[in-house]
Amino acid sequence: GIENGVIVSDLDPEGPAAEAGILPGDVIVSLNREKIESVAALEKLLEDAPTDEAMPVLVQRDSTPMFLALTLPENG
């Protein structure tokens, strides 16, 4: 089962998460090796995350864990 994580509900189809291969319904378990306990924790990590650098994201899809690479664009 899933102990923690954040379920992806709405996803920008043009956004970096979609480019990484994250789908609606996926559960984001960790980002850049940091466990995600809440949406607020995820948002904070994304704010502090480096840009133009691929970060490992652990998602759970239909109870299958998988690693994806998320690269955030520079906020310009």
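The structure reproduced in this document is the subject of the present report. (Residues numbered from 1 in each chain as written. Predicted model: local features only at pLDDT ≥ 70, side-chain atom pairs only at ≥ 80, totals over all residues. Heavy atoms only, no water.)

**Details of the pairing of strand E4 (residues 54–61)**
- Pairing of strand E2 (residues 27–31) with E4 involves 4 bridges; the strand directions are antiparallel. Bridged to Ser30 within E4 is Leu58.
- When E4 meets strand E5 (residues 64–71), the two strands line up antiparallel, connected through 8 bridges. Directly across from Leu58, in E5, lies its bridge partner Phe67.
- In textbook terms, the turn of a hairpin is the stretch between consecutive antiparallel strands, and for E4 and E5 this stretch comprises 2 residues, one of which, Asp62, has a positive phi near 50°. (Pairing = 2+ DSSP bridges. Helix = DSSP H or I, 4+ residues; strand = E, 2+ residues; numbered from the N terminus.)

**Concerning the side chain of Asn4**
- Mapping Asn4 onto the fold places it in the segment before strand E1 (6–7).
- On the basis of relative accessibility, which here comes to 13%, the residue Asn4 falls in the buried class.
- Among residues more than four places away in sequence, those in contact with Asn4 are Val27, Val29, Lys35, Ile36 and Glu37. (Buried < 20%, exposed > 50% of the residue type's maximum accessible area, 1.4 Å probe, protein only. Contact = heavy atoms within 4.5 Å.)

**Overview of the layout of surface pockets**
- Size it by volume and the largest pocket reaches roughly 400 Å³.
- If you trace the largest pocket, you find 18 residues lining it, with Leu11, Ala17, Ile28, Leu42 and Leu46 closest to the centre.
- Looking at which element gives the most residues to the lining of the largest pocket, the answer is helix H2 (residues 39–48), with 3 residues.
- Tallied by class, the residues present in the lining of the largest pocket amount to 14 nonpolar, 2 polar and 2 charged. (1 Å grid on protein atoms, 1.4 Å probe; cavity = no way out; pocket = protein on both sides within 12 Å on 5 of 7 lines; lining within 4 Å. Points joined across faces, edges and corners; volume = space filled by probe spheres on them. Nonpolar A, V, L, I, M, F, W, Y, C, P; charged D, E, K, R; others polar.)

**Let's talk about the pattern of salt bridges**
- Under the defined criterion, the tally for this structure stands at 2 salt bridges.
- For the salt bridge of Asp26 with Arg61, the shortest nitrogen-to-oxygen distance reads 2.7 Å. Linking Asp26 in the loop between helix H1 (16–20) and E2 with Arg61 in strand E4, this pair joins segments that are 35 residues apart in sequence.
- Here Asp48 makes a salt bridge to Lys44, at a shortest N to O gap of 2.7 Å. (Salt bridge = Lys/Arg side-chain N within 4 Å of Asp/Glu carboxyl O.)

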